[in-house]
Amino acid sequence: MSKMNKIKFICKVLDQLFPHPEIPLKHKDPYTLLIAVLLSAQCTDVRVNMVTPALFRRYKTAAEFAVAPIEDLEEAIRTTGFFRSKAKNIQNCCR
């Protein structure tokens, strides 16, 4: 079996076992999922789900994240750990 055939076989089996995998991160659209995923590094989904509701009320668009004072963004996500790096990554992504 070629490498490509193995990959296709594995993907087919995974699709059968997990046809609609549940995403534990609460989100309303691809944009909010992206931010939640960025916050999830070295952090539990439970903690991210605690932080994101207030975060998304404060910053409603990527443009708002992009221009937010970095200190304010850091404070809003502090409890997720590695908040300085995550704040920079979120802003760079949103720019």
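This write-up is about the structure you can find in this document. None of the values given here were measured: they were computed from a predicted structure.

Mapping Ala62 onto the fold places it in helix H4 (residues 62–67). For the pair Ala62 and Thr32, spaced 30 residues apart in the sequence, the C-alpha separation amounts to 9.3 Å. Beyond its immediate chain neighbours, meaning those up to four positions away, Ala62 contacts Tyr31 and Cys94.

What follows concerns unusual backbone geometry. Positive phi outside glycine occurs at Gln42, with the angle close to 55°. Structurally, Gln42 is set in the loop between helix H2 (30–39) and helix H3 (45–58). Relative accessible area serves as the criterion here: at 68%, Gln42 is assigned to the exposed category. Unusually for a residue other than glycine, Phe82 sits at a positive phi of about 45°. Locating Phe82 in the fold gives a position in the loop between helix H5 (70–77) and helix H6 (83–94).

Here is what the cut-offs are and how they apply
Residues numbered from 1 in each chain as written. Predicted model: local features only at pLDDT ≥ 70, side-chain atom pairs only at ≥ 80, totals over all residues. Heavy atoms only, no water. Helix = DSSP H or I, 4+ residues; strand = E, 2+ residues; numbered from the N terminus. Contact = heavy atoms within 4.5 Å. Buried < 20%, exposed > 50% of the residue type's maximum accessible area, 1.4 Å probe, protein only.

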